[in-house]
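Overview (structure and organization)
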Amino acid sequence: MTKYLLTRLRQSLITLFLVSIVVFGGIRALPGDPALALAGEERSPQALAAIREAYGLNDNIVVQYGRFIGHALTGDLGTSSRTGLPVADAIGQALPVTLELAALSLLLAVVLGIGAGVVAAVRRGKPEEWLANVIALIGLSVPTFWLGIVLVLGFAVAVPVFAASGYVPFGTDPIDNLRRMVLPAIVLGSGLAAVVMRQTRAAMLDSLSADYVRTARAKGLSKRSVVGGHALRNSLVTVVTVLGLQLGHLISGAVVTEQIFVLPGFGKLTIDAVFTRDYATLQAVVLCTSAAYILINLLVDVVYSVIDPRIRLGGAR
């Protein structure tokens, strides 16, 4: 197990290093002069020259990249040209909002998606399967922004059960926090729940028709043991793969959802950085997002090894 984890960790670090090169080069390839964005209204040649010297923009690209990596390893992600504050502080304030939203959305997707998928597979051809398929199709078809507006109108305006916008930290007021986060979590998690449901159903149907399930039934095991202990566990490899891939959907979907519900999260920070050409913030946001993807894939590989030991033994060679 240790050898397998070290192998995957080494591959993840190499991937992160290559991603950092692409991110750094991609930001530098954007049209426009970063010094002009930093100068603001002061566009005199002397001011531009001073900014280039202060930020090391006159150095070659290799020196700039080395300086960027060195600062990033110490937690220094630069200074925002929009606010003048450290980018790390802005990310530290925005990231917990998005992480909470993603966690609630993922919890909703896992509970509803896996539960409905198992019921649809076990009750194949019955009304339960048709109902689960219809709900999943609706969840896949409804646009995020439309569902968000409908939920706000229904449960924050007409029936004011939840709050329509804003954010309150969970540690400050847990009840008010959930009132503001439930609707965004439903909007963001509904599409993922539909995908998880359909994939769980397909994987369960394959498992229920496998030889080891028929053997378990022939041994006299209970239906719950056969479904939960044999069929579902072997279906989880497919489900975990889908969850790992769809977590990227949560990150990208959070941009729209946070705009609808006015949440000061990672998505709003990204939009603000794009519109104001805040290159330092944009660079840090893309790098953090890429690191999150890599970490998610690493965690998925670890979960693989727990579910199916054959993957662990094969990957360690």
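Residues numbered from 1 in each chain as written. Predicted model: local features only at pLDDT ≥ 70, side-chain atom pairs only at ≥ 80, totals over all residues. Heavy atoms only, no water.

1. Quick notes on the overall build of the protein chain
- What the protein chain contains, in helices and strands, is 13 helices and zero strands.
- Reading the helices (α) and strands (β) of the protein chain from amino to carboxyl end gives α-α-α-α-α-α-α-α-α-α-α-α-α.
- Counting the 317 residues in the protein chain, one finds 37% classified as buried.
- The long-range fraction of contacts in the protein chain, counting pairs at least 24 apart against all pairs at least 6 apart in sequence, stands at 72%.
- Taking the average place of the 26 positive charges on the side chains of the protein chain and the average place of its 19 negative ones, the gap between the two points comes to 16 Å. (Helix = DSSP H or I, 4+ residues; strand = E, 2+ residues; numbered from the N terminus. Buried < 20%, exposed > 50% of the residue type's maximum accessible area, 1.4 Å probe, protein only. Contact = heavy atoms within 4.5 Å. Lys, Arg positive; Asp, Glu negative; His and termini not counted. Charge placed at Lys NZ, Arg CZ, Asp CG, Glu CD.)

2. Here's the deal with the nonpolar core
- Ranked by size, the top nonpolar core spans 38 residues in total, and within it Leu101 and Met204 carry the most contacts.
- Of all the secondary structure elements, the ones that give two or more residues to this core are α5 (87-122), α7 (144-158), α8 (174-208), α9 (211-218), α10 (223-260) and α12 (279-307).
- Residues Ile91, Ala94, Phe266 and Ala284 belong to the second largest nonpolar core, which totals eight residues. (Core = buried A, V, L, I, M, F, W, Y, C linked by side-chain atoms within 4.5 Å.)

3. Here we look at the environment of threonine 15
- Here threonine 15 lies in helix α1 (residues 2-28).
- With a relative accessible area of 37%, threonine 15 lands in the partly exposed category.
- Sequence separation between threonine 15 and isoleucine 294 is 279 residues, and the spatial gap between their C-alpha atoms is 7.6 Å.
- A distance of 2.8 Å separates a polar side-chain atom of threonine 15 from the backbone oxygen of glutamine 11. (Polar contact = N/O pair within 3.5 Å; in protein donor to acceptor, adjacent residues only side chain to side chain.)

4. Section: helix α4 (residues 61-73)
- Compared with an ideal rise of 1.5 Å per residue, which puts 13 residues at 18 Å, α4 spans 18 Å between its outermost C-alpha atoms and is within 8% of the ideal.
- For α4, the full list of buried residues reads Gln64, Tyr65 and Phe68. What you see down the axis of α4 is that its buried residues fit within an arc of 100°, all on one side. Opposite the packed face of α4, turned more than 90 degrees from it, sit the exposed residues Val62 and Leu73.
- With its phi angle positive at about 90°, glycine 75 sits one or two positions after the end of α4. (Expected span 1.5 Å × (residues − 1). Arc of directions from axis to C-beta.)

5. Digging into helix α11 (residues 266-275)
- Burial in α11 covers these residues: Phe266, Gly267, Leu269 and Ala273. Angular distribution of buried residues about the axis of α11 spans 160°; they occupy a single face of the element.

6. Here's the deal with a nonpolar patch on the surface
- Together, Phe145, Trp146, Ile149, Val150, Leu153, Val157 and Val256 line one region of the surface with nonpolar side chains, adding up to about 660 Å² of accessible area.
- Tallying contributions element by element places α7 first for the nonpolar patch, with six residues.
- For isoleucine 149, a relative accessible area of 45% puts it in the partly exposed group. (Patch = residues over 30% accessible without salt bridge, like charges linked within 9 Å, V, L, I, M, F, W, Y side chains within 5 Å. Areas by Shrake-Rupley, 256 points an atom, 1.4 Å probe, with all protein chains shown as cover. Salt bridge = Lys/Arg side-chain N within 4 Å of Asp/Glu carboxyl O.)

7. Things to note about the packing of aromatic side chains
- Taken as a whole and judged by the stated rule, the model has three aromatic pairs.
- Taking 6.5 Å as the distance between ring centres and 65° as the angle between the ring planes, the aromatic pair formed by phenylalanine 17 and tyrosine 65 counts as edge-to-face. Linking phenylalanine 17 in helix α1 with tyrosine 65 in helix α4, this pair joins segments that are 48 residues apart in sequence.
- Taking 5.5 Å as the distance between ring centres and 70° as the angle between the ring planes, the aromatic pair formed by phenylalanine 24 and tyrosine 65 counts as edge-to-face. On the criterion of sequence distance, the pair formed by phenylalanine 24 in helix α1 and tyrosine 65 in helix α4 is long-range, its members being 41 residues apart. Each member of the pair phenylalanine 24 and tyrosine 65 is classed as buried.
- An aromatic cluster is present here, built from Phe17, Phe24, Tyr65 and Phe68 joined pairwise through their rings. (Phe/Tyr/Trp six-rings, centres within 6.5 Å; stacked < 30°, edge-to-face > 60°.)

8. Things to note about the environment of leucine 13
- Tracing the backbone shows leucine 13 in helix α1.
- What makes leucine 13 exposed here is its relative accessible area of 53%.
- In the structure, leucine 13 is positioned 277 residues away from serine 290 in sequence and 12 Å away in space, judged by C-alpha atoms.

9. Focus: the side chain of threonine 257
- Relative to the elements of secondary structure, threonine 257 occurs in helix α10.
- For threonine 257, a relative accessible area of 0% gives the class buried.
- Leave out the neighbours within four places in its chain, and threonine 257 touches Leu101, Thr144, Pro184, Val187 and Leu188.

10. Considering the packing of α5 against α8
- With their axes 4 Å apart at the nearest point, α5 and α8 run at an angle of 35° to one another. Of the two elements, α5 crosses α8, and the hand of that crossing is right-handed.
- The residue inventory of the contact of α5 with α8, partitioned by class, reads 25 nonpolar, six polar and two charged. (Axes fitted to C-alpha atoms, helices over the stretch in contact; angles between N-to-C directions. Left-handed = near helix turned anticlockwise from the far one by under 90°. Nonpolar A, V, L, I, M, F, W, Y, C, P; charged D, E, K, R; others polar.)

11. Focus on the pattern of salt bridges
- Within the structure shown, the criterion is met by six salt bridges.
- Among the salt bridges present, the one from arginine 201 reaches glutamate 129, with a minimum N-O distance of 2.5 Å. With arginine 201 in helix α8 and glutamate 129 in helix α6 (residues 127-141), this pair connects stretches of sequence that are 72 residues apart.
- Taking the shortest distance from any N to any O, the salt bridge between aspartate 211 and arginine 214 comes out at 2.2 Å. Of this pair, aspartate 211 and arginine 214 both sit in helix α9, separated by three residues, roughly a single helical turn.
- One salt-bridge network, held together by shared partners, links Asp176, Arg179 and Arg180.

The analysis is restricted to geometry; functional conclusions fall outside its scope.
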